[in-house]
Amino acid sequence: HIALAHNGNLTNASELRRELEDAGSIFTSTMDSEVLVHRMARSASVKPEHRLADALKGVDGAYCLVVIVGNTILAARDPRGWRPLVMGKLGGATVFASETCALDLLGATLEREVERGEIIAIDESGMRSIFPLEKLESKKCVFEYVYFSRPDSQVFGGSVDRARRELGRRLARDFPAPTADLVFSVPDSSNSAALGFAEESGLPLELALIRNHYVGRTFLQPTQAGRDAKVKVKYNAVREVLRDKSVVMVDDSIVRGTTTRGLVNMVRAAGAREVHLRVSSSPVTGPCYYGIDTPTREELIAANMS
């Protein structure tokens, strides 16, 4: 039996799938991860780590993998290291996770990152590490710092919270709002950046938007109608905080612009006198093929507008 968890996106999965189907493989899903399972199953190698290495040769894109084959657990990271993957210890056990906050929750201690191009194998005989894939130039997804990761995590060797606070401070220095009365975040991924903006500008930080935690991420909704509906359910404005105030609204990023437009309308409707929008990431002007759902330039508002 094989169990496989995958964070990332394989950019040549469709070509690899066609090759496997031509050779007789029968797929049961549309996931790129299934390509790896079929390639492992076809490997003639004996050791599980070598079977995974065979499966990954010729695979392009971003991947962090945790795989179980029989009694062996495997962890692998692509040769560029697009996404985070860490190893921790919990008593005598070894733990793998995308973020260090998962280790904290389990009570595990962080050992190290899984290296680029590395495959780690663990079984009853101990731990082994191989580097079957040549390391390529390091590439780290900045969206892990801007949006994806939790602020209580260490990602790529640095603190997510500290990075987001510094982005907020830079925003306050580069794009101040001298007439503003207060700062608030678009919760929750903008909280640290709004804190940084407030610290640097000396403006009070308020809770002006309340987030419904039972709604998923709006920009990942597959349809525009779904994204619009989710914005209305996801946030609500605190009128007593916003009424007759000039406000700075700090958001982490603008992808399609759906959430932003709806939020500005909501804040105005709650009585804000002025809305100064500040965005902690640089403009998202190109599609990402490595795990973020931004497939075409036409969907990205910063690619098509000033």
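The following refers to the structure shown.

Rules and cut-offs
- Residues numbered from 1 in each chain as written.
- Predicted model: local features only at pLDDT ≥ 70, side-chain atom pairs only at ≥ 80, totals over all residues.
- Heavy atoms only, no water.
- Helix = DSSP H or I, 4+ residues; strand = E, 2+ residues; numbered from the N terminus.
- Contact = heavy atoms within 4.5 Å.
- Areas by Shrake-Rupley, 256 points an atom, 1.4 Å probe, with all protein chains shown as cover.
- Lys, Arg positive; Asp, Glu negative; His and termini not counted.
- Charge placed at Lys NZ, Arg CZ, Asp CG, Glu CD.
- Phe/Tyr/Trp six-rings, centres within 6.5 Å; stacked < 30°, edge-to-face > 60°.
- Buried < 20%, exposed > 50% of the residue type's maximum accessible area, 1.4 Å probe, protein only.
- Core = buried A, V, L, I, M, F, W, Y, C linked by side-chain atoms within 4.5 Å.
- Patch = residues over 30% accessible without salt bridge, like charges linked within 9 Å, V, L, I, M, F, W, Y side chains within 5 Å.
- Salt bridge = Lys/Arg side-chain N within 4 Å of Asp/Glu carboxyl O.
- Axes fitted to C-alpha atoms, helices over the stretch in contact; angles between N-to-C directions.
- Parallel < 35°, antiparallel > 145°, perpendicular 65-115°, else oblique.
- Left-handed = near helix turned anticlockwise from the far one by under 90°.
- Nonpolar A, V, L, I, M, F, W, Y, C, P; charged D, E, K, R; others polar.
- Arc of directions from axis to C-beta.
- Polar contact = N/O pair within 3.5 Å; in protein donor to acceptor, adjacent residues only side chain to side chain.

### A look at the overall build of the protein chain
Phase 1: Check the secondary structure of the protein chain and you find 11 helices and 15 strands.
Phase 2: Taken along the three principal axes of its C-alpha coordinates, the protein chain extends 70 × 45 × 35 Å.
Phase 3: Excluding contacts between residues fewer than 6 apart, the proportion of contacts in the protein chain whose partners are at least 24 apart in sequence is 59%.
Phase 4: For the protein chain, the exposed surface amounts to about 15,100 Å²; the carbon and sulfur share of it is 53%.
Phase 5: For the protein chain, the centre of its 39 positive side-chain charges and the centre of its 39 negative side-chain charges are spaced 2 Å apart.

### A look at the packing of aromatic side chains
Phase 1: Throughout the structure, instances matching the rule amount to five aromatic pairs.
Phase 2: An angle of 55 degrees between the planes, with centres 6.1 Å apart, marks the rings of Phe143 and Tyr147 as tilted. Of the two residues, Phe143 and Tyr147 are both situated in helix α5 (residues 143-148); the distance of four residues between them amounts to about one turn of the helix.
Phase 3: For Tyr147, a relative accessible area of 10% puts it in the buried group.

### Re the nonpolar core
Phase 1: If you look at the biggest cluster of nonpolar residues, it comprises 23 residues, and the most contacted ones within it are Leu52, Leu56 and Leu65.
Phase 2: Sorting the residues of this core by element identifies α1 (13-22), α2 (33-42), α3 (48-56), β2 (61-69), β3 (72-77) and β7 (119-123) as the ones contributing at least two each.
Phase 3: Formed by 18 residues, the second largest nonpolar core is a distinct cluster that contains Tyr235, Met249, Val264 and Ala272.

### Description of a negative patch on the surface
Phase 1: The grouping of Glu15, Glu19, Asp22 and Asp60 at the surface amounts to a negative patch.
Phase 2: Looking at the secondary structure, you find Glu15 in helix α1.
Phase 3: The exposure class assigned to Glu15 is partly exposed, which follows from its relative accessible area of 36%.

### Here's the deal with the packing of α1 against α2
Phase 1: Two elements in contact, α1 and α2, have axes separated by 10 Å at closest approach and are oriented at 45 degrees. As the angle between them shows, α1 and α2 are arranged oblique. Crossing geometry of α1 relative to α2 is assigned as left-handed. On α2, the residues that touch Ala13, Leu16, Arg17 and Leu20 of α1 are Val35, His38, Arg39 and Arg42.
Phase 2: Partitioned by chemical class, the residues of the contact of α1 with α2 number four nonpolar, one polar and three charged.

### Looking at α1
Phase 1: Within α1, the full set of buried residues consists of Ala13, Leu16 and Leu20. Viewed along the axis of α1, the buried residues span an arc of 65 degrees, placing them on a single side of the element. The exposed residues of α1 that point more than 90 degrees off its buried face are Glu19 and Asp22.
Phase 2: Among the structural elements, β1 (2-10) and α2 are those in contact with the buried residues of α1.
Phase 3: Two residues or fewer past α1, Gly24 is found with a positive phi of approximately 110 degrees.

### Observations concerning the environment of Val67
Phase 1: By secondary structure assignment, the location of Val67 is in strand β2.
Phase 2: Sequence separation between Val67 and Ala302 is 235 residues; the distance between their C-alpha atoms is 38 Å.

### Digging into the environment of Ser159
Phase 1: Within the secondary structure, Ser159 sits in strand β10 (residues 158-159).
Phase 2: Distance in space between the C-alpha atoms of Ser159 and Val37 is 34 Å, their sequence separation being 122 residues.
Phase 3: The contact partners of Ser159, leaving out residues within four places of it in the chain, are Tyr145, Ser153 and Gln154.
Phase 4: Only 3.4 Å separates the side chain of Ser159 from the backbone nitrogen of Asp161, close enough to count as a polar contact.
Phase 5: At 3.1 Å, the side chain of Ser159 and the backbone nitrogen of Arg162 are in polar contact.

### Looking at the packing of α2 against α3
Phase 1: Running from N to C, α2 and α3 cross one another at 125 degrees; their axes reach a closest spacing of 8 Å. It follows that α2 is oblique to α3 by the angle criterion. The way α2 lies across α3 gives a crossing that is right-handed. Here Leu36, Arg39, Met40 and Ala41 of α2 lie close against α3, whose contacting residues are Pro48, Arg51, Leu52, Asp54, Ala55 and Leu56.

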